Amino acid sequence: MKNNSFKKDYSLLYDVIYSKKNYKAETDFISEIIKKFHSPNVNILDIGCGTGEHTLELLKKGYNVTGIDLSNEMLKIAKKKLLLNNLFSNNLFNLDAYNVNKLDIKFNVVLMMFNVIGYFEDIQLFFHKLKDCLEPNALIFFDYWSEKAVKKNPPKTTKKDFSYKRFKATRISKGKIIKNKVKVDLILNIIKKNKTKSFDETHNVSFYDIRNLSKTLEKLGYKKKNIGLRKFEKLINSKSQWEKFCLLKYEK
């Protein structure tokens, strides 16, 4: 199943839709964990950085951060944010996650937040390639959709309204489980000056049994660490309760 996602219209609405997400609290937590394992002078890779909210908050804390994303439209927004905050914006790249080795940088910390791993077609291949970019004892933070939670509380049709300055928007989400993925069809309507513009996207997002995933990744040198999981899951908690958090340490 192919994704048809994160195009221009959705990218422009993204920050409005997720305006209540507490990026600062999430990065505060991530920073706390980093300090337990590393000195402050670390290189951080933000994979699927999107419109740059996690990247921005980490840069404000003084970290060296590189962001990559497949959506050039999302990156344009991220670069504007960094420039508005007088931060260096040339560390954002339009790059496929499978090509992280092209950055020619070694990282101590990797972030894949907001269910980035759900969009990988071959997760083993990705983590195999990621090793080329990691320093010893690198930390990998990611959240994911739990297989148990998705099946316990299966997707349903939802409708949500948003207001922002001079326009209003409605997002209709229709989800369906297909094998190990949730196929999410999004319809977005933007109302501005009594005119309505509609567009749609399709997101095919994998969910995981973390025990099986951890065993697979351990063979590649990644060890799951049970630090702060519940605290972080409270930060990212949603009505569906699908979202879970994982911390890995690269031990080879």
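Structure's up top.
Residues numbered from 1 in each chain as written. Predicted model: local features only at pLDDT ≥ 70, side-chain atom pairs only at ≥ 80, totals over all residues. Heavy atoms only, no water.

### Quick word on the sheet that holds strand β2 (residues 64–69)
What the seven strands build is an open sheet, ordered β3-β2-β1-β4-β5-β11-β10; its pairing is mixed. Only two strands of the sheet have a single partner each, and these edge strands are β3 (92–94) and β10 (222–225). Here the strands of the sheet are splayed against their neighbours by 20° on average, with no regard to which way each runs. Where strand β5 (residues 134–145) and strand β11 (residues 243–250) come together, seven bridges link them in antiparallel fashion. The residue of β11 that forms the bridge with Leu-139 is Lys-249. Against the sheet, helix α5 (residues 123–130) touches β1 (43–47), β4 (107–112), β5, β10 and β11, its axis set at about 155° to β5. (Pairing = 2+ DSSP bridges. Helix = DSSP H or I, 4+ residues; strand = E, 2+ residues; numbered from the N terminus. Axes fitted to C-alpha atoms, helices over the stretch in contact; angles between N-to-C directions. Contact = heavy atoms within 4.5 Å.)

### A few points about the packing of aromatic side chains
According to the stated counting rule, one finds 15 aromatic pairs in the structure shown. An angle of 65° between the planes, with centres 6.2 Å apart, marks the rings of Tyr-14 and Phe-114 as edge-to-face. Here Tyr-14 is found in helix α1 (residues 8–17), whereas its partner Phe-114 is found in the loop between β4 and α5, with 100 residues between them in sequence. Of the residues examined, Phe-114 reaches a relative accessible area of 28% and is grouped as partly exposed. Judged by centre distance (5.9 Å) and plane angle (55°), the rings of Tyr-98 and Phe-120 are tilted. Taken as a pair, Tyr-98 in the loop between β3 and β4 and Phe-120 in the loop between β4 and α5 lie far apart in primary sequence, 22 residues in all. Like Phe-120, Tyr-98 is buried. Grouping aromatic residues by their ring pairs yields a cluster made of Tyr-98, Phe-120, Phe-126, Phe-127, Phe-142, Tyr-144, Tyr-222 and Tyr-250. (Phe/Tyr/Trp six-rings, centres within 6.5 Å; stacked < 30°, edge-to-face > 60°. Buried < 20%, exposed > 50% of the residue type's maximum accessible area, 1.4 Å probe, protein only.)

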